[in-house]
Amino acid sequence: MTKEDLMRKAIELSIRNVAEGGGPFGAVIARNGEIVATGVNRVTPDCDPTAHAEVSAIRAAAKVLGTFDLSGCEIYTSCEPCPMCLGAIYWAHLDCMYYGNNKHDAAAIGFDDAFIYEELDLKPADRKLKSEVLLPEEAIQAFKDWEAKEDKTEY
C-alpha cells in the first residue's frame, strides 16, 4: 500500500469511529507498506482517558509483533498527535509519523492540548496540577535495583 492508501485507512477509521460513538481519530501502524495494526479513539465508550487512536494502535502492533520496539514501522494518524500520543510514538521507536488534521484543526472542534504543552514548560511547582515530592529516599530503591540488575531488558 502507498502512504496515501495508509493515510486514507486512518481517515476511514476516524470517520467510522464517529459513527460508532467514538472520537474522530484513527491510526494505522504499517511496516513495508503492510498494515500491522490499527486503532481508534475509544475514550468515552471505554471510559479510558488513554484510549487514544495512536496509543491503541501502538498497543495492538506491539502485541502482533511481540515487541515493544516498533522500529521499522510507521504510524499514519488522522490528526497530529496529542502530547501523550506523541510521547508514546517516541517510546515505541516508530520510524516516521504521517498525520492529516493538525492540532489547530483539533482545537477548533474542542480537542485543544495547548494547555498541556504550556504546563510541560513550567516547573512542577508552577503547574495547575498540584504535585509534591514524597518519600524519594524510599522510591530510589527501585532505581538502584534496576541499575544493578544484570539481566534487564533495556528500553
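Look up a bit, the structure's there.
This is a predicted model, so every value here is computed, not measured. (Residues numbered from 1 in each chain as written. Predicted model: local features only at pLDDT ≥ 70, side-chain atom pairs only at ≥ 80, totals over all residues. Heavy atoms only, no water.)

Considerations on the sheet that holds strand β2 (residues 34-40)
Move 1: In spatial order, the strands read β2-β1-β3-β4; together these 4 strands make up an open sheet with mixed pairing. The open sheet has two edge strands with one neighbour each: β2 and β4 (96-101). Ignoring strand direction, the axes of neighbouring strands in this sheet form an average angle of 15°.
Move 2: Where strand β1 (residues 26-31) meets β2, 6 bridges bridge the pair, whose relative direction is antiparallel. Within the sheet, the bridge partner assigned to Ala-30 lies in β2 and is Ile-35.
Move 3: On the sheet, helix α1 (residues 3-19) packs against β1, β2, β3 (74-79) and β4 and is oriented at approximately 150° with respect to β1. (Pairing = 2+ DSSP bridges. Helix = DSSP H or I, 4+ residues; strand = E, 2+ residues; numbered from the N terminus. Axes fitted to C-alpha atoms, helices over the stretch in contact; angles between N-to-C directions. Contact = heavy atoms within 4.5 Å.)

Quick word on the nonpolar core
Move 1: The biggest cluster of nonpolar side chains holds 21 residues, and the ones touching the most others in it are Ile-29, Ile-58, Ala-61, Leu-70, Ile-75 and Leu-94.
Move 2: Residue assignment for this core shows that the elements contributing at least two residues are β1, β2, α3 (53-65), β3 and α4 (83-92).
Move 3: The leading source of residues in this core is α3, at 5 residues.
Move 4: Residues contacting Ile-29, with those up to four places away along its chain left out, are Glu-34, Ile-35, Val-36, Ala-37, Ala-57, Ile-58, Ala-61, Leu-70, Cys-73, Glu-74, Ile-75 and Leu-94.
Move 5: If you look at the next biggest cluster of nonpolar residues, it comprises 8 residues, including Leu-6, Met-7, Ala-10 and Val-40. (Core = buried A, V, L, I, M, F, W, Y, C linked by side-chain atoms within 4.5 Å. Buried < 20%, exposed > 50% of the residue type's maximum accessible area, 1.4 Å probe, protein only.)

A word on the packing of aromatic side chains
The description of an aromatic ring pair rests on the distance of the ring centres and on the angle between the ring planes.
Move 1: Applying the stated criterion to the full structure yields 4 aromatic pairs.
Move 2: Ring centres of Phe-25 and Phe-111 lie 5.0 Å apart, and the angle between their planes is 90°; this geometry places the pair in the edge-to-face category. Of the two residues, Phe-25 sits in the loop between α1 and β1 while Phe-111 sits in the loop between α5 (103-108) and α6 (114-120), which places them 86 residues apart along the sequence.
Move 3: What makes Phe-25 buried here is its relative accessible area of 12%.
Move 4: The partly exposed category is assigned to Phe-111, whose relative accessible area is 35%.
Move 5: Note on Phe-68 and Tyr-155: the rings are 6.0 Å apart at their centroids and 70° apart in plane angle, and the pair reads as edge-to-face. Of this pair, Phe-68 sits in the loop between α3 and β3 while Tyr-155 sits in the segment after α7 (136-148), placing them 87 residues apart in sequence.
Move 6: Joined through ring pairs, the aromatic side chains of Phe-68, Trp-146 and Tyr-155 make up one cluster.
Move 7: A cation over a ring is seen here: Lys-103 above Tyr-117, with NZ or CZ 5.1 Å from the ring centre. (Phe/Tyr/Trp six-rings, centres within 6.5 Å; stacked < 30°, edge-to-face > 60°. Lys NZ or Arg CZ within 6 Å of the ring centre and 35° of its normal.)

Points about the pattern of salt bridges
Move 1: Tallying each qualifying case throughout the model produces 4 salt bridges.
Move 2: For Glu-12, the salt bridge identified is with Lys-9, shortest N-O distance 3.6 Å. Residue Glu-12 and its partner Lys-9 are both found in helix α1; the two are separated by 3 residues, about one turn of the helix.
Move 3: When its relative accessible area of 24% is taken as the criterion, Lys-9 is described as partly exposed.
Move 4: Close ionic contact of Glu-132 with Lys-130 constitutes a salt bridge, the shortest N to O distance being 3.9 Å. The two residues Glu-132 and Lys-130 agree in class, both being exposed. (Salt bridge = Lys/Arg side-chain N within 4 Å of Asp/Glu carboxyl O.)

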